[in-house]
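# A structural walkthrough
What follows is the residue order along each chain.
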Amino acid sequence: MIITSTGRRVAGARPFLVGMFADALGSGLYVPLTLLFIHQVTGLPLTTVGVGVTAAAVVGLAANPAAGALIDRFGARRVLMATYLLRAAGFAAYPFVDGFAALVAVAAVVATGDRAYYPASGSYVAVLAQGADRDKLYTLMATARNVAFGLGGLLSAGAVSLAGGAGFTLIAALNAASFLVATGCLVVSGRRAPAPATPREPRGYRAVFSDRPFVALVAAEQAFTLAHMILPVALPVYAVTVLGAPVWLTGLLYTLNTVLVAAGQLAVRRRQRAARRTHAMALAGTILVAACALYAATALLPPGAPRAGGLLVATLVLTLGELMHTTPSWALAAATAPPALPGRYLAIHQQTWAVAAVVAPGGYAALLDTEPSLLWIALAALLVPACLALLRLARRLPPDAVAAPGT
């Protein structure tokens, strides 16, 4: 059990977190080397791998809404277990892929499991805990995932260094095993967790889209998820091709962000306990706007150390904005969902990440190629109205969803 700061026990939370840690540790083995990993394991050309993974990602877009419906029908824990088993099967199959069609099929299975994981895990947290305990559990989940992901990246480098090409096949096997471990942990968690009956809602997604305050919340969230794509998608291109920074600097900034996100979640969450969730998110958005301004201003600095310092400061501000956004966002969406439709609500909320993953690579590249400052102006232009919308939504969303989580 997890014991919160108020002394309450959250049944089933500990095995869930252990399983989620195992999942993230396995994912960290391959995510930093995704295209290279698939290329080495399958022997297919990199261009073929790139097209296949993109096609699979498009297929994965349908996984979020499908998962939402399944969660509301069969329960979050069962769907979460299915996402683990899908990805275990996918990674176990990668070494046997021998052509483009097989690649797309296997990558689509993995992409489906990846996309469905987020609404399922978020919904299961909502089953395990309520109120401030839910915020705490979301924070612990984010912390553990970032720590495990970072460790997985280190182990990945070691596996490839020591085992050479065979190391990639080892990574595939270990990642598949990590999902099986996570599944076993969910079996244990389910024996301890509450299992409330979920009433049926015949309207399904029509009820979600008719909830105008929630739709407005999702629209605001889309601006935030696009901002979260700055570090993995926009910054490497901006720093290297526009500012002339060395490639290793982008890796260092990414690592710094990962470490600070892992280390800072609990501290930031403690300082947000007295803030309404909508207002905490709006403040996070304001800080993300400041980060965009700092990234744009870095281009005005002299090349070399001054620009490197500017990128460092901007990334630290961006990291703070990400930290302040994550827990209130998850908790607000979960608390807004009615008891009959938690899966569908969180699926639509999480679809913003799938959309950002599709839009950001091409969109950011086009803006940077046209005029680099346009990227930062565009992101700020999305975030500012999103922050204002959140402040207005404080009066329209359910009061208990908006309320400060307290302890």
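Quick caveat: nothing in here was measured; it's all calculated off a predicted structure.

### Let's talk about the confidence of the model for the chain
- The pLDDT averaged across the chain works out to 87; a share of 91% of its residues lies at or above 70.
- Element-level pLDDT for the chain is lowest in strand β1 (residues 2–3), with a mean of 46, against a maximum mean of 98 in helix α13 (residues 277–298).
- Below pLDDT 50 for its whole length, residues 1–7 participates in 21 contacts with residues either more than four positions away or in separate chains.

### Quick word on empty space enclosed by the protein
- Per the stated rule, a full pass over the model turns up 1 cavity of 30 Å³ or more.
- Considering the residues around the largest cavity, the lining is formed by D135, R269, Q272, R273, A275, R277, A280, T327, P328 and P405.
- Secondary structure elements with two or more residues in the lining of the largest cavity: α13 and α14 (305–336).
- Its residues assigned to classes, the lining of the largest cavity shows 4 nonpolar, 2 polar and 4 charged.

### What about the environment of A239?
- As for its position among the elements, A239 is in helix α11 (residues 230–242).
- With 159 residues separating them in the primary sequence, A239 and P398 have C-alpha atoms 42 Å apart.
- Residues in contact with A239, not counting those within four places in the same chain, are G244, A245, T250 and L311.

### Structural notes on the side chain of S178
- Looking at the element boundaries, S178 is found in helix α8 (residues 166–192).
- Leaving out residues up to four positions away in the same chain, S178 has contacts with A22, D23 and G26.

### Here's the deal with the pattern of salt bridges
- Under the counting rule described, the total for this entry stands at 5 salt bridges.
- The partner of D114 in a salt bridge is R87, with the nearest N and O atoms 3.3 Å apart. You can see D114 sitting in helix α6 (residues 100–128) and its partner R87 sitting in helix α5 (residues 76–93), a full 27 residues away along the chain.
- Exposure remark for R87: the relative accessible area of 2% places this residue in the buried category.
- Through salt bridges with shared partners, a single ionic network connects D23, R87, D114 and R145.

Scoring rules and cut-offs
Per chain, the residues get numbers from 1 upward, laid out in the order the sequence is written. This being a predicted model, a pLDDT of at least 70 is required before a residue's local features are given, and a value of 80 or more before pairs of side-chain atoms are given or counted; all residues contribute to the totals for chains, interfaces and linings. As a convention, hydrogens and water are excluded, and side-chain values are obtained from all of the structure's heavy atoms. pLDDT expresses, on a scale from 0 to 100, how confident the predictor is about each individual residue. The way it works is that DSSP assigns letters per residue, a run of H or I at least four long becomes a helix, a run of E at least two long becomes a strand, and they are numbered from the N terminus. Here a residue-residue contact requires only that any non-hydrogen atoms of the pair lie within 4.5 Å. Lining residues are defined by having an atom within 4 Å of a point belonging to a cavity or pocket. Those points lie on a 1 Å grid over the protein atoms alone, cavities being sets where a 1.4 Å probe fits but cannot get out and pockets being open sets with protein on both sides within 12 Å along at least five of seven lines. Grid points are joined across faces, edges and corners, and a volume is the space filled by probe spheres set on the points. Under the grouping applied here, Gly and all other residues not named as nonpolar or charged are polar, the nonpolar ones being Ala, Val, Leu, Ile, Met, Phe, Trp, Tyr, Cys and Pro and the charged ones Asp, Glu, Lys and Arg. Note on definitions: salt bridges are taken to be side-chain nitrogens of Lys or Arg within 4 Å of carboxyl oxygens of Asp or Glu. Summary of the burial criterion: residues with accessible area below 20% of their type's maximum are buried, those above 50% are exposed, and those between are partly exposed, where the area comes from a 1.4 Å probe applied to protein chains only.

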